[in-house]
Amino acid sequence: MGDDSEWMKLPVDQKCEHKVWKARLNGYEEALKLFQRIEDEKSPEWGKYLGLIKKFVTDSNAVAQLKGLEAALAFVENAHVAGKTTGEVVSGVVTKVFNQPKARAKELGMDICLMYIEIEKAEVVQDELLKGLDNKNPKVVVASIEALRKALSEFGSKIVTLKPVVKVLPKQFESREKAVRDEAKLLAVEIYKWIRDALRPSLQNINSVQLKDLEEEWVKLPSSPPKQSRFLRSQQDLKAKFQQQQAQGGEQSDGEDEEDAPAAVDPYELLEPVEILSKMPKDFYDKIEAKKWQERKEALEAVEALTKNPKLENGDYGDLVRALKKVVGKDANVMLVSMAAKCLAELAAGLRKKFGTYSGQVVPTILEKFKEKKPQVVQSLQEAIDAIFLTTTLQNLSEDILGVMDNKNPSIKQQASLFLARSFRHCTQATLPKSALKPLCAALVKQVNDPAPEVRDAAFEALGTAMKVVGEKAVNPFLADLDKLKLDKIKECSEKVELAGGKKAAAVEKKPAAKAAAEAPSKSSAPPKKSQAAAGKASAGPPKKGKAASAAGGKPKKTSENKELIETELSVEACEERAAGVLPASCLQQLDSANWKERLASMEEFQRAVETMDKAVMPCQALVKMLAKKPGWKETNFQVMQAKLRIVALVAQRGQFSKMSASVVLDGLVDKVGDVKCGGNAKEGLTAIGEACSLPWTAEQVVSIAFAQKNPKNQAETLNWLANAMKEFGFAGINVKGFINNVKTALGATNPAVRVAAIALLGVMYLYMGAPLRMFFEDEKPALLAQIDAEFEKMQGQTPPAAMRVAKKAAPAEDAGDDGEEPDEDGGGHDIMDLLPRTDISDKITSDLVSKIEDKNWKTRRDGLNEAAAIISEAKLITANIGELPLALKSRLGDSNKNLVQQTLTILQQLATAMGPGLKQHIKSLGIPIITVLGDSKLHLRSAAMTTLQAWVEQTGMKDWLEGDDLSEELKRENPSLRQEVLGWLAEKLPTLRTVPGDLMLCIPQLYTCLEDRNGDVRKKAQDALPTFMMHLGYDKMHKATGKLKPASKDQVVAMLEKARTVMPDKPAAPAKAGKGSAEPSRAASASRCAAGGEDFPDSKAEVKKVRGGGGAAARKGPAAKKPAGKGQKEEEDKSGPIFVLIPNAKEQRIKEEKQLKILKWNFMTPRDEYVEQLKTQMATCFARWLQDELFHFDFQRHVKAIGFMIERLESESDATIGCLDLILKWFTLRFFDTNTTVLMKVLEYLKLLFTMLNREDYHLTEYEANSFVPYLILKVGESKDVVRKDVRTILTMLCKVYPASKVFPFLMEGTKSKNSKQRAECLEELGCLIESYGMNVCQPTPAKCLKEIAVHIGDRDTSVRNAALNTVVAVYNVCGDQVYKLIGNLSEKDMSMLEERIKRSAKKTAAAPAKPSAAEKPQREHPPNPNATFLRKPAQEDPNKLKIMYRTYRIQARQNAQHSEPSHPSIPREFQLDLDMIERDQNLVGELPELVQHKLDELLEPFMIPELKMRSVSPHFDDLHNSTASTINFVISQVASGDINTSIQALAQIDEVLRQEDKAAVMSGHIDQLLIATIMQLRLINSMHLGDDRVDKRDIIKLYSCILGNKLSLFSVEALAREASMGVLKDLMHGLITLMMDSRVEDMEDGTHVIRSVNLLLIRVLDNSDQTNMISALLVLLQDILVSTASSSRLSDLVMKCLWRMIRFLPDTIDNINLDRILLDVHNFMKVFPKEKLKQLKSDVPHRTLKTLLHTLCKLTGAKILDHLSMIENRNESELEAHLRRVVKHYGNLTGHKNEKTGLHMDDRMSKGKVSDILTEIFKKIGSKENTKEGLTELYEYKQKYSDADLEPFLKNTSQFFQSYVERGLRIIESEREGKARIQTSAGNPEHGVDSSLSSNNEELKPAVYYERLKILRQRHGLENTSRQGGGSEEEPQQRPTISLLSSKPSVASSTDMLHSKLSQLKESRELYQTEHSSHSPTHARSASPAANLDDLKKRLERIKSNRQ
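Residues numbered from 1 in each chain as written. Predicted model: local features only at pLDDT ≥ 70, side-chain atom pairs only at ≥ 80, totals over all residues. Heavy atoms only, no water.

Peer 1: Which residues make up the overall build of the chain, and what are the values?
Peer 2: Scanning the chain for helices and strands turns up 106 helices and zero strands. Counting only residues that meet the buried cut, the chain has 51% of its 2006 residues in that class. In the form shown here, the chain has an accessible surface area of approximately 92400 Å², with 52% of it arising from carbon and sulfur atoms. (Helix = DSSP H or I, 4+ residues; strand = E, 2+ residues; numbered from the N terminus. Buried < 20%, exposed > 50% of the residue type's maximum accessible area, 1.4 Å probe, protein only. Areas by Shrake-Rupley, 256 points an atom, 1.4 Å probe, with all protein chains shown as cover.)

Structure, rendered in structure tokens:
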């Protein structure tokens, strides 16, 4: 005891490491309690146990260890620092817990592992568990596998990385321990659930028996993908939201399942790469060159065996590829060509992107080889080129493809086009840009006209595929020259195409256009030009969006544009006719007058008419042709000519001027452009035409016309006009190549004016194009070149002027390609380079040259390099196709002779300049090896390599360099020089990029290695690069990557990451074009896009509505100028402009993107980097740049300063503030996570002013804005500082003025779940205030649910929380009285007594309370209080309780004041909808006049005479808030599907009350489907949730079921309403009711049998009173769905068929009201899915018989007319329906023809009973003897045929069942033999119904009444009919339908004996019925006698049946 007392005094942490196990046990117990008690996860208390947790789990004493595990689990679950212990604790669990014999210990160990995964430590846990698989103890291995399986099952494949698990899985199947193998099998099954067939390749090599077992298990798995059932801490909000959505509506979950389904796993990623280069035969390269084809074949077979491996190790495959390529290209043996192509395909598939290096060498050879005609070879080549395409991009291959498009061989052209078609299918709009598509489409358009049909078809297919991918609008500009037939063919091909990634590619481009169309109306009030300019600025986004916007903004009516562009030429007569309609007659008469004055007067009259003419009716072509009428453009009087030219300009400006109209006048205008007097007017006309038809087209036409003439004056002035027009319109879309030849002609002109004009034009072009323009004219004479250079020097440093004019039509058909994308690309300088002619040097790179470069002698190699350099130098500009030169140069970069390495680098620099952007496709083959040279020991080589690298990057950009793992592979080299050079280069380049490929993440492990490199320079460069990596990848990703480091390394790296986080640079705000040209082209491009006269162009605001002013030059420098001085100056200038920019529809677009999950949802526990980056990006477009810099600065003082600016501008920029409100609120949520009080107070100050302004502007927050802000504001209500809490409470009060209190309520409810007691208390107080101010309506989703959650806090251990909860419940009591006790549910005695006491104390206060607000109402309404005045009304800080009461009163009054401060006149709601916002706003308006509420209620309900609804309204204020019965009914119906049982019951009771009153039931008309759908949803909700929830009282469920069934019985009692139910709803209702009846859980409940009986009754009523057509259709469709579904039970289908039988039974009464066309269509669809043969294969033949019975009944009732009701069936051949109907109709036709004859037969051929008995006795004797049995059966058959009413029952009743079956079978065989098999199939109907069988056996036609009698007899036999109801079967008395259970028993299929009994008894009873009818004298007598007779008969038959079965 003494020892115990010693350790018991120790603190808990010391007990936990005591040497006495009892002490440790006690320590663990106390630690467990402590861990569960600590609320703050960041409490310092956790730190004491960091080093002890491993000892908790590895305790040597088993008892103590068990308790230690529990404590450890609590620690991991609650401690913020638990993640630091992951590695050691999980390792301890694996080694010391998983080997324990106690199951509880293992279970806790696994729980700890899973909890670590939940706190974001999945990788570490997984690594430790995988280590456990190598443990020697099988128990540890088994437990480790089980833990992995559980983790995967619960967290899913996104959290648990499967690749390492799959890698070690096959090894576990080889274990000697059966337990390990079994557990491995379970793990394999679990993995298969997530990745499906991707697992198969990895397990192909395990034991075949095991694989077979696995296959069997896999087949059993459900096809639906599994779902993540446990979530990480960062995903808890998603989990809650997901559960909430499921609870609100089960139907919504379908779409979400698809979204949440795990992404498909690529099997390739799970495989280990295989190294094959070393395994190749040593003599491969010799054999492949051998002369004997057998040897070459052996070599290829060896390679083929190696390349079959699905994943290959990276390596140098250059030699192998060259060898295979040679075989493909030159081998004469086609079999070997096919084999080599197959090897190439497998290589490409195994290497994937790594094969892209070699694709450029192989593709040309394969394309050329397509001349081979043998299908086997062509197929192999197709497979090879398709596999290669997936390793590269279309841009890289386009040059090779274009090269063969003009080939003479049609097979090559065909296969190239087909390859393009297949390639396009793998593309998207992003990967198939217009620049790549344009040349390919041009080549394909040529092939469309090819003489070979196969080439044409292939071209059509390729163009159709392209159209499918990028959309018709993008492709149409390239198809302008094709006629309609060819276009239709292309569109037809497009419709047939199925894309690889689904069919949504083409739909993408519709969105921007739609958006532009939506923006158009908002801009329509502006003048046309301004509107066009504003819309034109939208091109900063995707080019298509800009185009669409400008089109929509400039001209709302664009429908006529396409017609106008292809306007046909009108005849002179047509023109005269149209002109006469708009011009005065005198004007037309004087046009060709000989008197110039009359012609002048005519022109003036013409001009006046045009000026007043409406644009829509102006016939432009007719008018300009009238102007061209004699004398036309040969007019000699200059005044008349000037007037004509003015009119041309006027028509072009005011009318819809087409290119056809322009072509009429251009000749005349150009002819006069050089005229001294008329030249100015001619130029104005040309400019107007340029505006109407686009400058690029106009300029090309004008220049070509001018240089077709010989007039130098016209040529010079044309060039001058063009130079000026380029400045006015901008350079967008100008086809430079179209001008160059004419400009060269002008430069060589003898007239100096023409030369001067040409040089001036080149100067203007230089402004836009820069230095590349000079390359076009390098061949000119030196003197002329000197003049050009002088002109260029003048322009040096100048910026292109802003475009002042914009073409009216954005992107005409022919120029859409130029206008759309080329301006943007010109900005980068690359497209300008593309305009220059390039030389293909591939034919000069011969094999001799390549062998020279690879020679052993260094001098020969040098000569080879010199030759290559000379070829490149001579060509100047070259194409990307350079043959085998890349591989040759690559080998030289590793040359032992350093001089040759230097020479190679020089050639590569030269290559970069010569090739331009085409260099991209050589990055992997040549670019990456340049990086390798950076590791050379020679400094001058490293410098040369870096220079070369920079030259390449200048041409290619950085993206391609960062893709793939090449860069990370280079950094893996342990070369300090290489590492420091590469890291320095990355540190320089990464900050300039806006986005980077995800592959950059692959470099992170190497970067971390470099941080700890031995070389100091490497470490320094790595530290410099760290922030630049972080700016793109984010802190979280990089921190997560440290999880794989050793603990010591990890601590160092994490510290560096924290440091880098503070200095991380910002991403560039706008895309900066880093082209090789100067900055001018990019500015030019932006200038041409932003068409607004005289404005400055900010660097990143191309689509803003307002442009910041000031600092023209400084503003234009953009992000390139990063000097401090310039930046400061720019800031000062910028701050004078607006801080927010209002962009129309920008907020709506952000909301849309978040809904579509294109951006992250603003939902987090703590803000991560990706959220901050996303907010930065969104702010960039609508915040001033300087303000954004301040807002995201690291210094908090800059934040305070920025908020100060925002406060200053709040009033002046209120509209823009509202436009950016979502972003502003999001930024403030980030500040709520800061710890700086100064910033927080400034934030709250701004928010108070902001909400005041929003209230004044009558703005209401959207859901999107509130969800992004309110939850984070509520976090601060629990702040420790009073001053902060006070402001937050004030803001919450103001928030309810701009956002409905009912929607704030759920946020506060969520806040009550916080661990922070202050927050809980404050939220509860706020809830009480809301309830007192707004009533119980604010309690959402339901008052009961909310009150239960609030009441829980009455038992809280914190006093303030308890008091707040009590106060809130008291507030509810004050509103709704004693009902509060029902709402709060069950409380403990202690809590209930506290509540009752508090309610008693508050009783006196509540009686006096209402007087205060009413006294203050009038002055408050007259003088709205100053919002800031309320901030000062804080009560004196005396007694805390008194303070709370006073503050509570103040808050309630403040809310009431807010209500009364609204305008006193009634406001009209902005839209009519059922919305809680509207409810509250309406409530606020009528709240001050309570006496009017009753009056309004009566008015609302009086017209509909249902005042009772007032008593049953869902809330006290419901009826006075809804001003129409329809909205009331809609609301009540919506409550039927509520998740709350009481709400649903109330709603059902209300509806039932209406339905039960005949005079009021009519108001439900039109709402029946809606009500039934709500009911079906409620039934599903009960089935899926309530029945399985133990917390739900089963009596409540029974009550709810009773309400539902009672309500529906009332509904279906009103026939008019019942018939409104649609087919689909009836189908779901029947399915729901039948499923309910089959539910065993309902039967097991108390009173469950009553529910089942009610369901039976309801089913009968639904069947009887619904629209019969809808009902039969619903049952047919339901039966079809059940039979298709394999999961459905047979009992379900049987019950549905019983319902169908009931419908068939009453068909004679309902046939006139049935739509037979619809019924037959449904039967047709049923028979399509289930043909006769398939139907017979079902386990039961009842469906087959049911369907036949339905058809036979319909045929019987309608006869041959039924064939006229097949009109709704489109293709009757799809099912057997028509054939079946024809057979049945024909059969009935035969029966009808013999009717009289048969009747006579019955009467005349009757024999005496004795004679009949003798004949039958003789026949049955023969049947009983072996010899004569067949003869006896034949005689019996013939006897039955002759005497169809003969009674065989006396002869069969005493025989055995076997004998009866034998007789029946024999009769059937004879009938089959005599009448054929087809007849027996037709007549083998459902004997149970007595329809078909009676026909086949009796061959007579009976009345429907007889059939019903037979059906009654059958139902009696099966116990389905009450005998007492069968009697009165006369035709005068209507048939009574049974009311007992329709579906109380399973349907039974009759045995053979039963069938025979059925037939015989039917014959007998029908004869007796006949005799009775003819013998009776009065109907009364018949009715009285019939029941007794039937009863006696039934008793006799029952006795016979019993005796037979005994």
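Peer 1: So what's going on with the pattern of salt bridges? Residues and values would help.
Peer 2: On inspection of all chains with the given rule, the structure shows 70 salt bridges. Here R230 ties to E118 by a salt bridge, and the two come within 2.9 Å at their closest N and O atoms. Taken together, the residues span a long stretch of sequence, with R230 in the loop between helix 12 (208-220) and helix 13 (236-248) and E118 in helix 7 (residues 103-118) at a distance of 112 residues. The exposure class assigned to R230 is buried, which follows from its relative accessible area of 18%. You can call E118 buried: its relative accessible area is 11%. (Salt bridge = Lys/Arg side-chain N within 4 Å of Asp/Glu carboxyl O.)

Peer 1: Go over the packing of aromatic side chains with me, naming the residues and quoting the values.
Peer 2: Summed over all chains, the structure comprises 25 aromatic pairs. Ring centres of F389 and F419 lie 6.1 Å apart, and the angle between their planes is 85°; this geometry places the pair in the edge-to-face category. Separated by 30 residues along the polypeptide, F389 in helix 21 (residues 375-389) and F419 in helix 23 (residues 410-425) bring together distant segments of the chain. Geometrically, the ring pair formed by W952 and W961 is edge-to-face, given 6.4 Å between the ring centres and 75° between the ring planes. Considered together, W952 and W961 belong to a single accessibility category, that of buried residues. An aromatic cluster of three or more residues is present, and its members are W1162, F1164, Y1171, F1233 and Y1272. (Phe/Tyr/Trp six-rings, centres within 6.5 Å; stacked < 30°, edge-to-face > 60°.)

Peer 1: For the environment of S1610, give the residues involved together with the corresponding values.
Peer 2: Tracing the backbone through its elements, the reader meets S1610 in helix 85 (residues 1594-1611). For the pair S1610 and R1661, spaced 51 residues apart in sequence, the C-alpha separation works out to 9.8 Å. Setting aside its immediate chain neighbours within four residues, S1610 contacts D1552, L1555 and R1556. Only 2.7 Å separates the side chain of S1610 from the side chain of D1552, close enough to count as a polar contact. (Contact = heavy atoms within 4.5 Å. Polar contact = N/O pair within 3.5 Å; in protein donor to acceptor, adjacent residues only side chain to side chain.)

Peer 1: Kindly report on unusual backbone geometry, identifying the contributing residues and their values.
Peer 2: A cis amide bond, omega 5°, links Q1340 with the succeeding residue P1341. With a phi close to 55°, R352 is a non-glycine residue in the positive phi region. Mapped onto the elements, R352 comes out in the loop between helix 19 (334-351) and helix 20 (356-369). Residue R352 is classed as partly exposed on the basis of its relative accessible area of 33%. Residue D1258 is not a glycine yet carries a positive backbone phi of 60°. Residue placement: D1258 occurs in the loop between helix 69 (1237-1256) and helix 70 (1263-1275).

Peer 1: Got a sec to walk through the packing of helix 70 against helix 72 (residues 1301-1311)? Specific residues and values, please.
Peer 2: Across the interface, helix 70 lies against helix 72 with an axial gap of 10 Å and an inter-helix angle of 35°. In this structure, helix 70 crosses over helix 72, and the sense of that crossing is right-handed. Judged by residue contacts, E1263, A1266, N1267, V1270, P1271 and I1274 of helix 70 engage K1303, F1307, L1308 and G1311 from helix 72. In terms of residue class, the contact of helix 70 with helix 72 is built from six nonpolar, two polar and two charged. (Axes fitted to C-alpha atoms, helices over the stretch in contact; angles between N-to-C directions. Left-handed = near helix turned anticlockwise from the far one by under 90°. Nonpolar A, V, L, I, M, F, W, Y, C, P; charged D, E, K, R; others polar.)

Peer 1: Summarise the packing of helix 93 (residues 1716-1729) against helix 95 (residues 1742-1758); cite the residues concerned and give the values.
Peer 2: Look at helix 93 against helix 95: their axes get within 12 Å of each other, and the N-to-C directions meet at 150°. Between helix 93 and helix 95, the angle is such that the two are roughly antiparallel. Relative to helix 95, helix 93 is oriented so that their crossing is left-handed. Side by side, helix 93 and helix 95 meet where L1716, I1719, L1720, V1723, F1726 and M1727 of the first sit next to L1747, L1750, L1751, L1754 and T1758 of the second. When grouped by side-chain class, the residues that make up the contact of helix 93 with helix 95 number 10 nonpolar, one polar and no charged. (Parallel < 35°, antiparallel > 145°, perpendicular 65-115°, else oblique.)

Peer 1: Run through the environment of L591, naming residues and quoting values.
Peer 2: Tracing the backbone through its elements, the reader meets L591 in the loop between helix 33 (585-590) and helix 34 (596-612). Residue L591 is classed as buried on the basis of its relative accessible area of 5%. Taking the C-alpha atoms as reference points, L591 and P631, separated by 40 residues in sequence, lie 8.6 Å from one another.

Peer 1: Explain helix 49 (residues 885-893) residue by residue, including any values.
Peer 2: Within helix 49, seven of the nine residues are buried, leaving the element largely enclosed by the surrounding structure. Of all the residues in helix 49, the buried ones are L885, P886, L887, A888, L889, R892 and L893. Check the buried side of helix 49 and you find it contacts helix 18 (318-330), helix 20, helix 47 (847-853), helix 48 (858-875), helix 50 (898-915) and helix 51 (923-933).

Peer 1: I'd like a description of the confidence of the model for the chain, backed by residues and values.
Peer 2: When pLDDT is averaged across the chain, the result is 75; 76% of the residues are at 70 or more. Across residues 503-565, where pLDDT falls below 50, the model places 98 contacts with residues more than four positions away in sequence or in other chains. (pLDDT = per-residue confidence, 0-100.)

Peer 1: Report on helix 12, specifying residues and quantitative values.
Peer 2: When the terminal C-alpha atoms of helix 12 are compared, their 19 Å separation across 13 residues agrees well with the 18 Å that a helix rising 1.5 Å per residue should span. Every buried residue belonging to helix 12 is among Q210, L211, L214 and W218, and all of these are buried. The buried residues of helix 12 occupy an angular sector of 95° when the element is viewed end-on, so they sit on one face. Across helix 12 from its buried face, at more than 90 degrees, point the exposed residues S208, V209, K212, V219 and K220. Check the buried side of helix 12 and you find it contacts helix 11 (178-195). (Expected span 1.5 Å × (residues − 1). Arc of directions from axis to C-beta.)

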